[in-house]
Amino acid sequence: MLWLYISLSVLLGLLLLIVFTKLTIIINYQHHNDDDDLKVEFKIWFGLIQYKINVPLIKIDDDSPSVIVKHHSHLGEEPGGKVDHKVNQITKDKAVKNIEKARDFLQKVVRMQVIVRKFFQKISVKKFEWSSYIGVGDAAYTAIAAGALWTLKGSIVGFLSRFFKLTVMPQLAITPQFQAAVIQTHLLCIFQFRIGHAILAGLKLIKYWRGEKNRFTSKSTFSNDKTKFV
């Protein structure tokens, strides 16, 4: 009986530890002309446990109308063990299917926006730095492009300030290059939230999905019964 109490206490302690643990997500993206480099890091307990995803190469396939994406991921600070390498070829059909899936998902998210928005309000933006160099070889068009980029960055910052919890002032910079054609950008963003908030939001979403499924089933059954009655 004593061992049962000890086991329950340990499990309860681990559960509370997980619930109150903060997850930090670091997004680091760099673009230089035709080269892209995307790194995403997940950290808990001040970096004691971390998982990294690196997408170093995005290019157009020479043999087919598709995009090749190479990435690798590993657990820990250094990939001392086995590194998971993957190569994905994104064709037109795959892109269309992914867009359709994303559209259907967004339509459902709109109906679940209360749950999603409450969870977003629990997410803190600890850092947001976005610097860019842009030039199209013509001074007038470069100025127009720089203005459009400022508008885009302002819209994204407005979205973050509306739905997330900004704890720092976003650092934005755009440097026009009037005499050269160049596109460079560097984005560093750090998000942080408690795992317990994510678990709670997930449970609410599962409950919502089940309710929607049951309601749809009930409507279908009622429609069939009504047809038979008529």
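The model shown is predicted, which means the values in this text are computed figures rather than measured ones.

### Side note on the overall build of the protein
On a plain count of helices and strands, the protein comes out with five helices and nine strands. In the protein, the order of α-helices and β-strands from amino to carboxyl end is α-β-β-β-β-β-α-α-β-α-β-β-β-α. With 230 residues in all, the protein has 26% of them scored as buried. A total accessible area of about 16,700 Å² is found for the protein, and carbon and sulfur atoms account for 64% of it.

### With respect to unusual backbone geometry
Positive phi, normally seen in glycine, also occurs at Trp45, with a value near 55°. When you line up the elements, Trp45 lands in the loop between β2 (35–44) and β3 (49–60). Classification of Trp45 by relative accessible area gives partly exposed; the value is 35%.

### Some remarks on the nonpolar core
Counting 18 residues, the largest nonpolar core has Ile25, Ile123, Val125, Phe128, Phe164, Phe191 and Phe193 as its most contacted members. Among the elements that line this core, the one with the most residues is strand β9 (residues 181–194), at four residues.

### Structural notes on the pattern of salt bridges
In the structure shown here, the tally under the stated rule is two salt bridges. Linking Lys39 and Asp37 is a salt bridge whose minimum nitrogen-to-oxygen distance equals 2.6 Å. Classification of Lys39 as partly exposed rests on a relative accessible area of 34%. With its nearest N and O atoms 3.7 Å apart, the salt bridge here joins Glu41 to Lys43.

### Side note on the packing of aromatic side chains
This model, assessed by the stated rule, comprises seven aromatic pairs. Residues Phe164 and Phe191 carry aromatic rings whose centres are separated by 5.7 Å and whose planes lie at 50° to one another, so their mutual orientation is tilted. Taken together, the residues Phe164 in the loop between α4 (139–163) and β7 (165–166) and Phe191 in strand β9 connect sequence positions 27 residues apart. Of the residues examined, Phe191 reaches a relative accessible area of 14% and is grouped as buried. The rings of Phe119, Phe120, Phe159, Phe163, Phe164, Phe191 and Phe193 are connected pair by pair, giving a single aromatic cluster.

### Comments concerning the side chain of Glu41
Looking at the element boundaries, Glu41 is found in strand β2. Setting aside residues up to four positions removed in sequence, Glu41 forms contacts with Thr24, Ile25, Ile26, Gln50, Tyr51 and Lys52.

### Some thoughts on the environment of Ile49
For Ile49, the location among the structural elements is in strand β3. Aside from chain neighbours lying at most four places away, what touches Ile49 is Phe42, Lys43 and Ile44.

### Things to note about a positive patch on the surface
A contiguous patch of positive charge, built from Lys22, Lys118, Lys122, Lys126, Lys165 and Lys204, is present on the exposed surface. By the element assignment, Lys118 lies in helix α3 (residues 113–120).

### Quick look at the pairing of strand β6 (residues 124–136)
In terms of strand pairing, β6 meets β7 through two bridges, oriented parallel. When the bridges of β7 are listed, Ser124 appears paired with Lys165. With 12 bridges joining them, β6 and β9 adopt antiparallel strand pairing. Of the residues in β9, the one forming a bridge with Ile134 is Ile183. Pairing of β6 with strand β8 (residues 171–176) involves six bridges; the strand directions are parallel. Note that in β8 the partner of Ile134 across the bridge is Pro176.

Cut-off values and rules
- Residues numbered from 1 in each chain as written.
- Predicted model: local features only at pLDDT ≥ 70, side-chain atom pairs only at ≥ 80, totals over all residues.
- Heavy atoms only, no water.
- Helix = DSSP H or I, 4+ residues; strand = E, 2+ residues; numbered from the N terminus.
- Buried < 20%, exposed > 50% of the residue type's maximum accessible area, 1.4 Å probe, protein only.
- Areas by Shrake-Rupley, 256 points an atom, 1.4 Å probe, with all protein chains shown as cover.
- Core = buried A, V, L, I, M, F, W, Y, C linked by side-chain atoms within 4.5 Å.
- Salt bridge = Lys/Arg side-chain N within 4 Å of Asp/Glu carboxyl O.
- Phe/Tyr/Trp six-rings, centres within 6.5 Å; stacked < 30°, edge-to-face > 60°.
- Contact = heavy atoms within 4.5 Å.
- Patch = residues over 30% accessible without salt bridge, like charges linked within 9 Å, V, L, I, M, F, W, Y side chains within 5 Å.
- Lys, Arg positive; Asp, Glu negative; His and termini not counted.
- Charge placed at Lys NZ, Arg CZ, Asp CG, Glu CD.
- Pairing = 2+ DSSP bridges.

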